[in-house]
Amino acid sequence: QVHLVESGGGLVQSGDSLRLSCQTSGFDFSIYDMGWFRQAPGKERELVAAINGGGAMPSYVDFVKGRFVISRDNSKNTMSLQMNSLEPEDTAVYYCNRNPPWHYIWGQGTQVTVSS
C-alpha cells in the first residue's frame, strides 16, 4: 500500500531550475528517511539526495551539491527537490524513495531533460 508519486519534471535548458515533488501515502512518513534517486540512460540508478525523517542532515551526491536542495513537509507527507543550475548531465528519470529499506518500492518517476 506504499504509494510514491513523483511530479515536476520537464524539458528545460541548461541553467534553468525545476522543483520536483514526491507525494507519498500508505506509511508513517515522518519516521522514514527519504531520498531522491535518478537513472540516466544506460546508467545505474543512483542516490542523489537524502534527508532524515525530521528534515535534518541532508546529504547530496558530489555532482549536485550546491545546486540541489532536498526538503520535506511531514504535515503533507511530501518531499521536494529544488534543482537549480541544471546541466545536461542531470538528464534522468528521478524517483523518490524511503529508508528503511531503500529500493523496496518505487513510483513511476518523473523525467528531467536538460538541453545544452
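Only a predicted model underlies this, so the values are computations on that prediction, with no experimental measurement involved. In this convention, every chain numbers its residues from 1, walking through the sequence in written order. Under the rules for a predicted model, residues below a pLDDT of 70 receive no local features and side-chain atom pairs below 80 are neither given nor counted, while totals for whole chains, interfaces and linings still include all residues. With hydrogens and water excluded, all non-hydrogen atoms of the structure serve as input to the side-chain values.

Novice: Summarise the packing of aromatic side chains; cite the residues concerned and give the values.
Specialist: The pairing test for Phe, Tyr and Trp rings, Trp by its six-membered ring, is centres within 6.5 Å, and the orientation test on the planes gives stacked under 30 degrees, edge-to-face over 60, and tilted for anything in between. Counted under the stated rule, the structure contains five aromatic pairs. Residues F27 and Y32 carry aromatic rings whose centres are separated by 5.2 Å and whose planes lie at 90° to one another, so their mutual orientation is edge-to-face. Note on exposure labels: buried denotes an accessible area under 20% of the residue type's maximum, exposed denotes more than 50%, and partly exposed covers the range between, all computed with a 1.4 Å probe on protein chains only. Judged by relative accessible area, which is 14%, F27 ranks as buried. Taking the relative accessible area as the measure of exposure, Y32 reaches 16% and is therefore buried. With a centroid separation of 5.5 Å and an interplanar angle of 70°, the aromatic rings of F37 and W102 are classed as edge-to-face. Here F37 is found in strand β4 (residues 33-39), whereas its partner W102 is found in the loop between β9 (92-99) and β10 (110-115), with 65 residues between them in sequence. Given a relative accessible area of 3%, F37 falls into the buried group. Relative accessible area serves as the criterion here: at 25%, W102 is assigned to the partly exposed category. Taken together, the ring pairs in this structure connect F37, Y95, W102 and W106 into an aromatic cluster. Elements are defined by DSSP. Helices are runs of H or I of four residues or more, strands are runs of E of two residues or more, and each kind is numbered from the N terminus.

Novice: Report on the nonpolar core, specifying residues and quantitative values.
Specialist: By convention a nonpolar core is built from buried Ala, Val, Leu, Ile, Met, Phe, Trp, Tyr and Cys residues, the set being connected through side-chain atoms within 4.5 Å. Grouped together as the largest cluster of nonpolar side chains are 25 residues, with contacts concentrated most on W36, F68, M79, L81, M83 and Y94. Residue assignment for this core shows that the elements contributing at least two residues are β3 (18-25), β4, β5 (46-51), β7 (68-73), β8 (78-83), β9 and β10. Here, residues are in contact when the closest pair of their heavy atoms is within 4.5 Å. Those residues within four positions of M83 in sequence are excluded, and the remaining contacts are D16, S17, L18, L20, R67, F68, Y94 and V112.

Novice: Go over the state of the cysteines, please, and point to the residues and values.
Specialist: Each disulfide is one covalent bond, formed between the sulfur atoms of two cysteines. Whenever a pair of cysteine sulfur atoms sits within 2.5 Å, that pair is classed as a disulfide. For the structure shown, the criterion picks out one disulfide. A sulfur-sulfur separation of 2.1 Å characterises the disulfide bridge that pairs C22 with C96. Handedness of the C22-C96 disulfide follows from its S-S torsion of about 60°: it is right-handed. Of the two residues, C22 sits in strand β3 while C96 sits in strand β9, which places them 74 residues apart along the sequence. C96 carries the same exposure label as C22, and that label is buried.

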